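Chain by chain, the residues run as shown.
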Amino acid sequence: MSDPNRVSPTEFLRELRRSRHSEEEAPADDHDVHTAEELDRGADTEVEREVYVNSGRGGVVRRRKATPDVVRGNTHLSELFDRVNVLLGDESVEEEEEFRPRAPETLAQTGLTSEEVEKLVMKFLLQRGSATGREIAGQVKLSFGILDPLLKEWKTERMVAFKGAAEMGDYVFTITDFGRERARRYNEECTYFGSAPVSLREYLKAMEAQSIAAQEADEDNLRSAFSDLLIADEMLERLGPAINSGRGMFLFGEAGNGKTSIAERVTSCFGSTVWIPRALGVDGDIVRLFDPGVHIEVADDSQEGLFDLSGVDPRWVRVVRPTVVAGGELTMSELEITQNPQTKICEAPLQLKSNCGTLVIDDFGRQTMPVEELLNRWIVPLEKRYDFLNLPSGKKIQVPFDQLIIFSTNLEPKDIVDGAFLRRIPYKIEVPDPCEEHFRKLFEIMSPKIGIVYDADAVEYLIETHFRKAGRPFRNCQPRDLLLQVRNYATYKRQPKKMSRESLDFAVANYFSVM
């Protein structure tokens with residue numbers, strides 16, 4: 001049954017509006033005058049606003065959402081309305097963002113059992129010794145309201161004890177000898193005591209709502225993402241459709257022409273963030289998903305201060321759409337869930353960390369693992385858009401394979417893969433050598449960034465002497481590399497940092513000595 005004393009957000013705002021009307025004595029403007037019928041309706045009068053909701057294809061669609069007219073034109077009231085709805089759990093209000101994990105109010109809503117939470121807390125106190133209830137809640141990323149009754153229950157069972165009082169009705173909890181013994185047994189199973197895990201079911205819902213396949217990037221998005229690169233319009237015309245496919249592409253061409261730089265900027269075309277869980281829980285196994293080495297966390301201002309008014313489940317973290325790069329060091333173990341034999345902590349594979357983003361396989365064809373082995377591992381996921389992973393317990397789970405995969409290689413794709421695999425990568429884009437005009441422009445752009453005075457005559461001398469006469473092809477990386485050598489030469493000689501024939505001859509002799 002609903003609480004009769006509980007006031008809905010709409011009722012709260014209606015009372016606020018009525019109280020303001022009764023207190024105001026100044027005459028109203030014309031646009032503030034309402035008829036008697038309108039006043040009777042009060043805050044029930046509504047205007048429409050745009051919100052985003054999940055669509056059937058795993059993306060989002062824009063719909064109109066009614067908002068009380070008392071909120072219209074008042075930013076503070078609008079924010080208050082949304083926050084009250086979140087805190088009071090009004091199901092009629094939809095979030096304006098594509099996906100936002102709502103904070104659970106009960107233990108059942110977390111999808112966890114009290115035993116799973118107990119393991120995390122006991123292992124934390126085994127290392128820490130003592131902590132306040134709110135510190136423990138912050139460690140396992142659960143609200144204090146959920147954790148407080150569990151702590152009192154564990155005190156009754158003599159696993160923890162009160163060490164002292166803390167602020168706001170909290171206590172300092174210390175682990176007892178009985179609790180310490182139990183925590184040691186938990187530690188033998190797994191030493192993890194970080195954020196409480198999110199269920200696989202909730203993770204699948206989140207990935208469906210934030211799918212990369214549902215995103216779109218237009219010409220302006222591409223130009224913004226590649227604004228720091230000098231890239232031909234023809235290349236952008238080919239990249240645009242490939243990026244919007246949300247599936248995969250080959251980037252091939254000579255070394256030094258910027259394939260990796262292009263691949264790393266593809267994700268920023270979508271210009272959005274996604275929510276991912278810090279850890280996944282599957283039948284007792286905990287898999288760490290959030291990786292600060294590949295994920296860029298986006299701070300949420302509403303979570304700052306004494307109270308968290310964001311309404312977001314702290315077990316989730318908001319990150320920039322991920323771009324995961326794997327080079328020649330890629331091994332088969334990085335494509336599977338791995339478990340540390342000492343700590344028993346599981347780590348998510350690269351493709352899981354890159355979901356809803358981009359996975360770049362750099363120097364494809366030069367991995368230590370055979371190319372055929374990698375192709376066989378991914379040929380089905382590329383077709384079906386889902387993958388199967390094996391847990392240490394032996395259980396196999398199905399997870400989304402939802403990322404834009406880019407294979408970057410110096411080799412011809414047809415020379416390293418067969419036709420069946422090429423069919424599953426619909427776009428094959430060659431990154432060509434720069435034209436002479438772009439080559440000159442690169443010197444002009446890079447000179448001030450490196451700290452060298454640009455000299456057009458010196459560039460003309462370089463092109464004529466060391467490229468045209470030598471029959472040497474242009475590469476996009478050469479202006480930067482040669483200018484760095486010019487700067488180092490000038491520093492050594494205590495000369496002004498500017499381009500000269502002498503310094504360019506020196507740079508070319510070093511750079512192309514074995515090329």
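Residues numbered from 1 in each chain as written. Predicted model: local features only at pLDDT ≥ 70, side-chain atom pairs only at ≥ 80, totals over all residues. Heavy atoms only, no water.

Caption draft 1: The overall build of the chain, seen in detail. When its secondary structure is counted, the chain shows 20 helices and 19 strands. The buried share among the 515 residues of the chain stands at 44%. Carbon and sulfur atoms provide 48% of the accessible area of the chain, an area that totals close to 26,900 Å². (Helix = DSSP H or I, 4+ residues; strand = E, 2+ residues; numbered from the N terminus. Buried < 20%, exposed > 50% of the residue type's maximum accessible area, 1.4 Å probe, protein only. Areas by Shrake-Rupley, 256 points an atom, 1.4 Å probe, with all protein chains shown as cover.)

Caption draft 2: Molecular detail of the pairing of strand β7 (residues 248-252). Among the five residues of β7, five are classified as buried, and the element is accordingly described as predominantly covered. Of the two faces of β7, the one carrying G248, F250 and F252 and the one carrying M249 and L251 are both buried. In this structure, β7 lies alongside strand β18 (residues 404-409), joined through five bridges in parallel fashion. What sits directly across from F252, in β18, is T409. Strand direction decides the pairing type here: β7 and strand β19 (residues 427-430), joined by four bridges, are parallel. (Pairing = 2+ DSSP bridges.)

Caption draft 3: Highlighting the packing of helix α5 (residues 114-128) against helix α6 (residues 133-140). At a minimum axis separation of 10 Å, α5 and α6 run at an interaxial angle of 115°. Seen from above, α5 lies across α6 with right-handed handedness. Here α5 contributes L120, V121, F124, L125 and R128 to the contact with α6, which in turn contributes E135, I136, Q139 and V140. Within the contact of α5 with α6, the residues separate by chemical class into six nonpolar, one polar and two charged. (Axes fitted to C-alpha atoms, helices over the stretch in contact; angles between N-to-C directions. Left-handed = near helix turned anticlockwise from the far one by under 90°. Contact = heavy atoms within 4.5 Å. Nonpolar A, V, L, I, M, F, W, Y, C, P; charged D, E, K, R; others polar.)

Caption draft 4: Broad picture of the sheet that holds strand β15 (residues 358-361). Strand order in the open sheet formed by five strands is β12-β15-β18-β7-β19, with parallel pairing between adjacent strands. Taken across any chain shown, the strands that pair with only one partner, and hence form the sheet edges, are β12 (323-326) and β19. Strand after strand, the sheet turns through a mean of 20° between neighbouring axes, direction not considered. Where helix α11 (residues 233-245) meets the sheet, its contacts fall on β7, β18 and β19, and the angle it forms with β19 comes to roughly 155°.

Caption draft 5: Quick peek at the packing of aromatic side chains. One pass over the full model with this rule turns up 17 aromatic pairs. Aromatic side chains Y386 and F388 sit 5.7 Å apart centroid to centroid with 85° between the ring planes, which places their arrangement in the edge-to-face category. The class for Y386 is partly exposed, based on a relative accessible area of 28%. Through a chain of ring-to-ring contacts, the aromatic side chains of F439, F443, F467, F474, Y511 and F512 assemble into a single cluster. (Phe/Tyr/Trp six-rings, centres within 6.5 Å; stacked < 30°, edge-to-face > 60°.)

Caption draft 6: Quick peek at the side chain of S211. Along the chain, the position of S211 falls in the loop between α9 (200-209) and α10 (219-225). Residue classification places S211 among the buried positions, given a relative accessible area of 9%. A distance of 3.1 Å separates a polar atom in the side chain of S211 from the backbone nitrogen of A213. (Polar contact = N/O pair within 3.5 Å; in protein donor to acceptor, adjacent residues only side chain to side chain.)

Caption draft 7: Quick look at the sheet that holds strand β3 (residues 130-132). If you trace the three strands from one edge of the open sheet to the other, you get β3-β5-β4, paired in antiparallel fashion. Strand pairing shows two members of the sheet lacking a second neighbour, β3 and β4 (160-165), which therefore form its edges. Averaged over all pairs of adjacent strands, the angle between strand axes in this sheet comes to 30°, irrespective of strand direction. As defined by bridge partners, β3 adjoins strand β5 (residues 171-175) across three bridges and the pair is classed as antiparallel. Counted as the bridge partner of A131 is F173 from β5. The strands that α5 touches are β3, β4 and β5; relative to β3, the one it contacts most, it runs at about 120°.

Caption draft 8: Expanded view of the packing of α5 against helix α7 (residues 144-156). Between α5 and α7, the shortest axis-to-axis distance is 11 Å and the interhelical angle comes to 75°. The angle between α5 and α7 falls in the class roughly perpendicular. Of the residues in α7, those touching α5 at S114, V117, E118, V121 and M122 are L147, L150, L151 and W154. A breakdown of the residues in the contact of α5 with α7 according to their chemical character gives seven nonpolar, one polar and one charged. (Parallel < 35°, antiparallel > 145°, perpendicular 65-115°, else oblique.)

Caption draft 9: Representation of a negative patch on the surface. On the surface, E115, E116, E153 and E157 cluster together to form a negatively charged patch. As for its placement among the helices and strands, E153 is situated in helix α7. (Patch = residues over 30% accessible without salt bridge, like charges linked within 9 Å, V, L, I, M, F, W, Y side chains within 5 Å. Salt bridge = Lys/Arg side-chain N within 4 Å of Asp/Glu carboxyl O. Lys, Arg positive; Asp, Glu negative; His and termini not counted. Charge placed at Lys NZ, Arg CZ, Asp CG, Glu CD.)

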